[in-house]
Structures are given as structure tokens and as C-alpha cells.
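Okay, here's what each chain looks like letter by letter:
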Amino acid sequence: MGNREDLIAGARRCLEEKGWARTTVRDISAAAGGVSMAAIGYHFGSRDALLIAALIEAIDEWGTETGRTLAAYGDTGSSSTENYEAMWTRIIESFTASRRLWLASIEAALQAEHSPELRRHLSGSQQEGRRGLTALLSGVPEEKIADAAARTLGSVQMALLSGVMVQWLIDPEKSPTGPEVVEGLRALVDVIGPPPAPDPPPAPVS
């Protein structure tokens, strides 16, 4: 790898091990195999710009890994409930396998408050995620997903995923399992109640 790639790899290691605030230019230089600190300014302009580049790379990798986790959603012969529970079980298992990537996604959300570039990247990733999750759950090709469906079904599924992930990162032993997520959704439906009945058609004019 060249110096630029070495610096990004070193910055990623630092983000995973030390977090954003505690990572120094010297830390990145050491993690990059001794690439000079001056190279950070030459290639990226600043430590923050380098960390943003490293975060974006980590987020893209996280998205790819999540997509692979969800790709097996839906087994022939299983009910929709069984498939949805199985999907959640796979998602929760991925928290262990890719814990550092999930942590990087939280780090990115916090840093986006101070970086328009990172905010734009995360906004685009969110839109893609909503649409992809809607396509996955509804069995409709992604290019045919309506905006309204992505903003409802996709947004709610993404909110569930993010919320369960945060709970797991804080306390894995007490975070919900796949079946508990499904049972919680059933309970929520009982709270909300059925959708309102559609308005009757207008009476014919005599």
C-alpha cells in the first residue's frame, strides 16, 4: 500500500482501539507503520479529514457486511414470522462478529454534527439503507420501491436495527433476542390498534 492507504488503515485501527477524541496524529503515524506525520497534512490536510476518510471506509464496509447478513433472509417453507425472527437472529449475531464496525457507525453519527462531508455521506447511506430494507422485507425489486414505502417500512426497520444495536453494545446480556423483537412488535401493534377503515365510496347520484 502507499502512504495514503497506510494512513487510512492506521486511522481505522486507531478509531477502533481509541475512538475519535483520543486519537492523535502520533497514534495514527505509529499505527500506519511509521508513515511520517507530515504525510497526513500532505494527503488529507488535517487529522480530522483523515479520520473522516477512515470512518467513511469503515461505514461502507459495515454496510457491505450488513447486506451479506441480510441476504439470506427468507427460507422456502418457513412462515414470514419465522423468517423475520431468523433475520433478527442473524443481525444480532453480527453485532459480535463486527462489533468494531457497529461502533464505528455510532462514532460517525456523532462526528457528522461537525462535518458536512460526513453528514452528506451518512444521509446518502441512510436513504440507500431504507430502500434496501424495504425491498428485502417486501420482496419487491429495489428500483420499484416507492418513496412512501421507504420512508415508512424502511425507516422503521432501520430505527429498530439501530436501537437494538445500541442496546446490545451497551449490555449484550440484557439486549433483546430475535424472537423478543418480534414479540415486541406484536405488542406494539396491539397498542396502536388496526388501521382505520377506509372511507366508504360516495353514494351514486340519482
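Residues numbered from 1 in each chain as written. Predicted model: local features only at pLDDT ≥ 70, side-chain atom pairs only at ≥ 80, totals over all residues. Heavy atoms only, no water.

> Explain empty space enclosed by the protein to me, using residue names and the numbers behind them.
Inspection of every chain in the model, using the stated rule, returns one cavity of 30 Å³ or more. The volume enclosed by the largest cavity comes to roughly 40 Å³. Around the largest cavity, the lining residues are Trp-62, Glu-65, Thr-66, Thr-69, Ser-94, Ser-98, Leu-101 and Trp-102. Of all the secondary structure elements, the ones that give two or more residues to the lining of the largest cavity are α4 (47-71) and α6 (99-111). A total of four residues in the lining of the largest cavity trace back to one element, the largest contributor, which is α4. (1 Å grid on protein atoms, 1.4 Å probe; cavity = no way out; pocket = protein on both sides within 12 Å on 5 of 7 lines; lining within 4 Å. Points joined across faces, edges and corners; volume = space filled by probe spheres on them. Helix = DSSP H or I, 4+ residues; strand = E, 2+ residues; numbered from the N terminus.)

> Break down the packing of helix α7 (residues 116-138) against helix α8 (residues 147-170) for me, with residues and values.
Two elements in contact, α7 and α8, have axes separated by 8 Å at closest approach and are oriented at 90 degrees. When the interaxial angle is binned, α7 and α8 end up roughly perpendicular. Contacts from Gln-126, Gly-129, Arg-130, Arg-131, Leu-133, Thr-134 and Leu-137 in α7 reach Asp-147, Ala-149, Ala-150, Leu-153, Gly-154, Ser-155, Gln-157 and Met-158 in α8. (Axes fitted to C-alpha atoms, helices over the stretch in contact; angles between N-to-C directions. Parallel < 35°, antiparallel > 145°, perpendicular 65-115°, else oblique. Contact = heavy atoms within 4.5 Å.)

> Can you explain a nonpolar patch on the surface? Please cite residues and give values.
A cluster of nonpolar side chains, Leu-188, Val-191 and Ile-192, forms an exposed patch at the surface whose accessible area comes to about 330 Å². Assignment of secondary structure puts Leu-188 in helix α9 (residues 178-192). Taking relative accessible area as the criterion, Leu-188 reaches 45% and is therefore assigned partly exposed. (Patch = residues over 30% accessible without salt bridge, like charges linked within 9 Å, V, L, I, M, F, W, Y side chains within 5 Å. Areas by Shrake-Rupley, 256 points an atom, 1.4 Å probe, with all protein chains shown as cover. Salt bridge = Lys/Arg side-chain N within 4 Å of Asp/Glu carboxyl O. Buried < 20%, exposed > 50% of the residue type's maximum accessible area, 1.4 Å probe, protein only.)

> Please set out the nonpolar core residue by residue, giving values where relevant.
A general feature of soluble globular proteins is that nonpolar side chains tend to end up buried together. Counting 26 residues, the largest nonpolar core has Leu-7, Ile-28, Leu-50, Leu-55 and Leu-118 as its most contacted members. Mapped onto this core, the elements with two or more residues apiece are α1 (3-18), α3 (38-43), α4, α6 and α7. When residues in this core are grouped by element, the largest group, eight residues, is from α4. In contact with Leu-55, not counting residues within four places along its chain, are Leu-15, Trp-20, Ala-104, Glu-107, Ala-108, Gln-111 and Leu-118. If you look at the next biggest cluster of nonpolar residues, it comprises 18 residues, including Trp-88, Leu-137, Met-165 and Val-181. (Core = buried A, V, L, I, M, F, W, Y, C linked by side-chain atoms within 4.5 Å.)

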